[in-house]
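Structure assessment
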4 protein chains.
Amino acid sequence: MAPLRAIPPDLLTLADYEARAATHLPAASWRHIQEGAGAERTLRDNRTAFDRWRLLPRALADLRDGDTVVELFGQRHIAPILLAPLAYQRIAHPDGERATACASAALGTGMVVSTLSSVTLEDILAAQRSAAQELGSGDAPAWFQLYLQPERAANLALVRRAEAAGYQAIVLTIDAAIKRSSFALPDGVAAANLAGMAPPRQVSMAGGPILFGTPLADAAPRWDDLDWLRQATRLPIILKGMVLGKDLDRALSLGIDGLILSNHGGRVLDGLPSALTMLPGVVDRVAGRIPVLLDGGVRTGTDIVTAIALGARAVLIGRPLFHALAVAGMIGVAHMIHILRTELEMTMAQLGAPRLSSLKREMLVGPAPPRLDVLDGGNPWVTTAH
Amino acid sequence: MAPLRAIPPDLLTLADYEARAATHLPAASWRHIQEGAGAERTLRDNRTAFDRWRLLPRALADLRDGDTVVELFGQRHIAPILLAPLAYQRIAHPDGERATACASAALGTGMVVSTLSSVTLEDILAAQRSAAQELGSGDAPAWFQLYLQPERAANLALVRRAEAAGYQAIVLTIDAAIKRSSFALPDGVAAANLAGMAPPRQVSMAGGPILFGTPLADAAPRWDDLDWLRQATRLPIILKGMVLGKDLDRALSLGIDGLILSNHGGRVLDGLPSALTMLPGVVDRVAGRIPVLLDGGVRTGTDIVTAIALGARAVLIGRPLFHALAVAGMIGVAHMIHILRTELEMTMAQLGAPRLSSLKREMLVGPAPPRLDVLDGGNPWVTTAH
Amino acid sequence: MAPLRAIPPDLLTLADYEARAATHLPAASWRHIQEGAGAERTLRDNRTAFDRWRLLPRALADLRDGDTVVELFGQRHIAPILLAPLAYQRIAHPDGERATACASAALGTGMVVSTLSSVTLEDILAAQRSAAQELGSGDAPAWFQLYLQPERAANLALVRRAEAAGYQAIVLTIDAAIKRSSFALPDGVAAANLAGMAPPRQVSMAGGPILFGTPLADAAPRWDDLDWLRQATRLPIILKGMVLGKDLDRALSLGIDGLILSNHGGRVLDGLPSALTMLPGVVDRVAGRIPVLLDGGVRTGTDIVTAIALGARAVLIGRPLFHALAVAGMIGVAHMIHILRTELEMTMAQLGAPRLSSLKREMLVGPAPPRLDVLDGGNPWVTTAH
Amino acid sequence: MAPLRAIPPDLLTLADYEARAATHLPAASWRHIQEGAGAERTLRDNRTAFDRWRLLPRALADLRDGDTVVELFGQRHIAPILLAPLAYQRIAHPDGERATACASAALGTGMVVSTLSSVTLEDILAAQRSAAQELGSGDAPAWFQLYLQPERAANLALVRRAEAAGYQAIVLTIDAAIKRSSFALPDGVAAANLAGMAPPRQVSMAGGPILFGTPLADAAPRWDDLDWLRQATRLPIILKGMVLGKDLDRALSLGIDGLILSNHGGRVLDGLPSALTMLPGVVDRVAGRIPVLLDGGVRTGTDIVTAIALGARAVLIGRPLFHALAVAGMIGVAHMIHILRTELEMTMAQLGAPRLSSLKREMLVGPAPPRLDVLDGGNPWVTTAH
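I will try to describe carefully the structure that is included in this document. It should be emphasised that the depicted structure is a prediction, and the values quoted were computed from it without experimental measurement.

Things to note about the overall build of chain A
Scanning chain A for helices and strands turns up 12 helices and 12 strands. Its C-alpha radius of gyration of 20 Å places chain A within 12% of the 21 Å reference for a compact globule of 386 residues. Seen through its C-alpha atoms, chain A measures out along the principal axes to roughly 65 × 55 × 40 Å. Within chain A, the fraction of its 386 residues that count as buried is 62%. In chain A, the proportion of contacts linking residues at least 24 apart, taken out of those at least 6 apart, comes to 75%. Looking at chain A as shown, the accessible area adds up to about 13,700 Å², and 53% of this sits on carbon and sulfur atoms.

This is the structure we're talking about:
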């Protein structure tokens, strides 16, 4: 079914968008968007982790002068919500990342653009800026997500293009270097930023090496790549992935500016814990030195409140962006963001919390997180809910 | 299907009433009555919280001279059961609150009348009193539930009307000021007590404020409203909502007389814990200074015993009142109360507990409640069952 | 379908008997046999309590000279299995308790005869004895279960009849005095031992007393009834029900000889814990002064091993007796017992435990039981699995 | 359906093989392969035990020079994977153990040959060796699994044949001596190694002994059999079964060289814990003196990583071998192993673990294992997940 040109009245939640999206996408694309790795334990964890928390309200609080503003890397975000760096957004809608960029401008919500975008990074930012101008609104935040390429020259070129275009931060994804997918991109959808480059391919022969000892393993991102990137740009660098324990210290010492705690939507390794489960321990370890953002499983305003109360500074919205794009393109994405922002304010008001800083851990009851020393090689014998 | 005029023999439990009620209500009304907010986690919690407790009986106890009497605010209640302040009861039956009032009189069970009743508060109390006179029984307790209106003059008028009519307590609901519903009241059903007043409406424009900074957030009840109410009436004031931790101290210092621990039937904010989960901590904190009542999820005599053993002085019955009204009006409600009272006495007898005061915490085994310091901003890392 | 006259080869487990029994019974009888009180939480607990335990085997143990013998009140039981005092067994088979008695004789398995048997207690014991004689086997144990009647003269008469007939123990059931059932006994099935006596009936009028203040509550068994019974007979007295904490001390001080820990098959009060859950605490409290038997949920040899390892001296088999009776009368019951005994020996052998005394708590892993001080009125905040 | 001669593209996981295998097997054989003992609690545990663990990755690790090599008893294994000693493999494919042996040779993966193989142990090893020669690869490890026969002469003969054929270790299974199965072997499938020997049969007569006191119980393996075997061969002896607590010390003192922790695929005694649940305690107790291998429930590379991180040195693959044999014989088995090895390397790489020794307990979060003193007769009151 073609994307809608107006929002029907029965689309009230992100779950409504998800249910509707299946009818707007070819079956293969739908499966590709929805699926997780393996038996999808991690994918399920990403949702059930939120279901386990309950919220303790403050009675009769004063809600006048409330807002949902958060500042990140010197930028003002009107709400703690960013659009995640989904690859190949033209899978879901012909306008692809352009539609996303316009919705970002219209709602003032930050976007993160993928290395694997199906529109060039320059065109995406141009679309966002011209939409903002048309609407008379200020520029919304825009960050560039980097998948490291085998050659440093290619990485440098991408970073320089992002800087030149005006992106305000680099998000370095560390967890998807080694990944397989049998999904064939639809005709006309390609990695626009990588035109002319070929990714390394894994070819295993019977009896020969499988992964270890092949170029794929050899080219996986390493700490020295982060060190190199830190030297290569003055933009804020935000790591995206499961960075835990001592790795956090190392990353901080290398000068990262932020962390997006993420298991890549359960798409890379089935068996990773949900980001929400690990969030409290990571926040405690980071101890305020950099902001920690959460990616994975956020579908409602209550989810956002839960993540913020557990220490996240903001959240990223992934699959729902695909759903909204598929259903109604730019207006779908704008509406989806509006739903989330409305739910967020309603939840905060009902909790008696007029500002994000009013959301504290003690407003939650839920499962104990893994003990912190697990992250440093301590005793892992901890019953933790997934 | 029209309401029944006699009770068929297969209506033996409140679950039977619920199953039957669906056939006596228009689909939209049924959905409105049954639904909870969001993904209905809180709605489900309200039931599953009871399922987790088990009861330890006393063997061979003397059951002679048993009863289920409880005294609240100087009133004698024949059983620890009150009819909850459901709004717009004419949704379920043409007689609406009048039928409820007659059943209250017939069974001697207290009722709480909603600000949003579909019959005026004066007519409801008159119906209860004349039914009691006809039956030769004494007056049953009647309390008035107050939703704060934007103007204090309106609130004062409601309180004065309740006092003049003869209500014996004011129940101040604190949790539903900010709530949305798409349910359209059926023709002829309206807020009888508020004739001539218009509630504030939330109008959000794209790019403009959503909730914070609008009249809806600005008019939400605050502590000074409670202070004002305390000055405005000499009737007992009972707070209804999730009042926890330091808020309990504050409410007590402002002179409240009772608390109905409630999450509004899971209708306001999905993510609130069940009242039963929070009950032990609240009871410990209140330490006997005022009675704590429980609202939410009570469907059987065993549920009542569980709540009483965990420290509640009485319980409120919500949705089952709608179900019984829809099935058989006044006689349905009376029968529903009789079922609960019978189950309550059977359960107490089987436990060897001839009086409510015989029901103690140590007669229960079940999940540990959230640690008390959570309520004061302590460590929330507590595994708690929802 | 009429009862079978030979055992078909596909009846291999007690679950097979249960599945088959539904086709041999009128629907009302089947429901009556299977049902539990209320929402059947306790009924389900009785099974799931067993599912939570796992068994730790001993490797390479010597299994020569193994057996399953247990001694109780001076009687030798060939296996720790007794047939429970099911009422009105002619519901399931025309021969009723006579068939049960013959199977008891054939397998040498003890039986407990109900006050509410549908054959007189004298005829049942005669059937057991004559079957034993015919088979050339010794007498199997036979105990008489007593429901206290309102008049002591009636109770004394029952006890004297049981003594005269040759029963070797009195099982005093304490938990079913106050119970309701809408099941109408089929034609020709009646309480054979109580011919001429009428049970007290509960008649509640609207507005009048419900249970407390009625003869039903006033006649419930009390501690002085136990004291009286102890004076009235020299047979061993075994209490059957949920006797916990201080009640255990009191019962011991009154001279009971044994305890059958039971929640009456989940038929009396929904919300009681399973007997298996409470067993370890009860066994610890009793500290070997009397044997503790377990009733409820036993369906396999592994269940028996679990109960014995947790401290039970023997188990009672309830509903499966009805199932086997319905399917094939006496030979069904005999086969059912043989299945259990075979499974018991197989399980013991696979665990490396050649005798019941080899089964110890440390061969189990499973949920922590409620803390013992709960049983004495201590802190109930214990997470316990049901 | 006949076995396939080429691998179709939709066979991507071991679960795919399982789903497909049902269509390649007679219903009775399929049931026999899939079924577990009793209510299949242990069978389910074997899978769910893995589902409860989550993996904590190391960020940006150096993956160059990775491998999955492990050394066992002086043999080099290319991956920590062995084919389990499944009996009667010709049930699944006409080539039976010959196909398995060829796949073992082709992938360099060790195989364990059952006493109850449907091809003689000599022919199996010959098939493996000639396949290796044809492929130009080195010999893959081959171990012989011994079920003790009633006569020591028969056992000695089997051991001598295994030694003579060139097997490199003896796996002594201790847990299946007492077991029942109603499965009738298909025509032409028989215990090739035991031609001419008859197993003891259990014949129980009504009223007579059931198991204890019969030849079946008397012939169960005992500690002195292990002692005898240790004297009888210089090959490494590996115990297979649930060996726990003090039994581990005793087995070590008798000179065993390795342990395969196994509950026999949940086929022997329903109620045994999963091997994975007991693994950490066993590994701690063994304290590195011998390697501990894990058998049961392994279906993915993540499962292997979980077992290795919890202390296993390698894992055995059971039912999936039957599935792959049924679907495509030798090429099916080879493909199945290749899938596992690929998943194993992918998982290790995604975790940042380039070698098996990089996999440590602290990379896991999951349920606490049973406390170690349980294994020695300590307090069993431990809540453990199954």
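Having seen the structure, we can now continue with the description.
Digging into unusual backbone geometry
The backbone of C:Ala287 shows a phi angle near 55 degrees, a positive value even though the residue is not glycine. Here C:Ala287 lies in the loop between α10 (275-286) and β10 (292-295). Non-glycine residue D:Asp65 carries a positive phi angle of around 65 degrees. With respect to the helices and strands, the residue D:Asp65 is situated in the loop between β1 (54-55) and β2 (70-72).

Topic: the relation of the copies chain A and chain D
Under the fitted operation, chain A is carried onto chain D by 0.0 Å of movement along the axis and a turn of 90 degrees, and the coordinates agree to an RMSD of 0.0 Å. Expressed as a symmetry operation, the mapping of one chain copy onto the other fits a four-fold axis.

A closer look at the interface of chain C and chain D
Each side of the interface is counted separately: chain C has 41 residues, and chain D has 39 residues. Of the roughly 3,600 Å² buried between chain C and chain D on both sides combined, carbon and sulfur atoms contribute 65%. At the surface where chain C touches chain D, the tally comes to 2 salt bridges. Between C:Asp51 and D:Arg41 there is a salt bridge, and its shortest N-O distance comes to 3.2 Å. Every element with two or more residues in the side of chain C that touches chain D is listed here: α3 (41-51), β1 (54-55), α12 (319-351) and β12 (364-365) of chain C. Considered class by class, the residues forming the side of chain C that touches chain D number 22 nonpolar, 8 polar and 11 charged.

A short note on the sheet that holds strand β6 (residues 142-146) of chain A
Each strand in a sheet pairs with another by means of backbone hydrogen bonds, the pair being arranged parallel or else antiparallel. Read around the closed barrel, the 8 strands follow the order β4-β5-β6-β7-β8-β9-β10-β11 (chain A); overall the barrel is parallel. Put simply, the sheet's adjacent strands are angled 25 degrees from each other on average, direction ignored.

Quick notes on the rules
Residues numbered from 1 in each chain as written. Chains lettered and ligands numbered in written order. Predicted model: local features only at pLDDT ≥ 70, side-chain atom pairs only at ≥ 80, totals over all residues. Heavy atoms only, no water. Helix = DSSP H or I, 4+ residues; strand = E, 2+ residues; numbered from the N terminus. Rg over C-alpha atoms; globule rule 2.2 N^0.38 Å. Buried < 20%, exposed > 50% of the residue type's maximum accessible area, 1.4 Å probe, protein only. Contact = heavy atoms within 4.5 Å. Areas by Shrake-Rupley, 256 points an atom, 1.4 Å probe, with all protein chains shown as cover. Least-squares fit on C-alpha atoms with pLDDT ≥ 70 in both. Buried area = accessible area lost by both parts, 1.4 Å probe. Salt bridge = Lys/Arg side-chain N within 4 Å of Asp/Glu carboxyl O. Nonpolar A, V, L, I, M, F, W, Y, C, P; charged D, E, K, R; others polar. Pairing = 2+ DSSP bridges. Axes fitted to C-alpha atoms, helices over the stretch in contact; angles between N-to-C directions.

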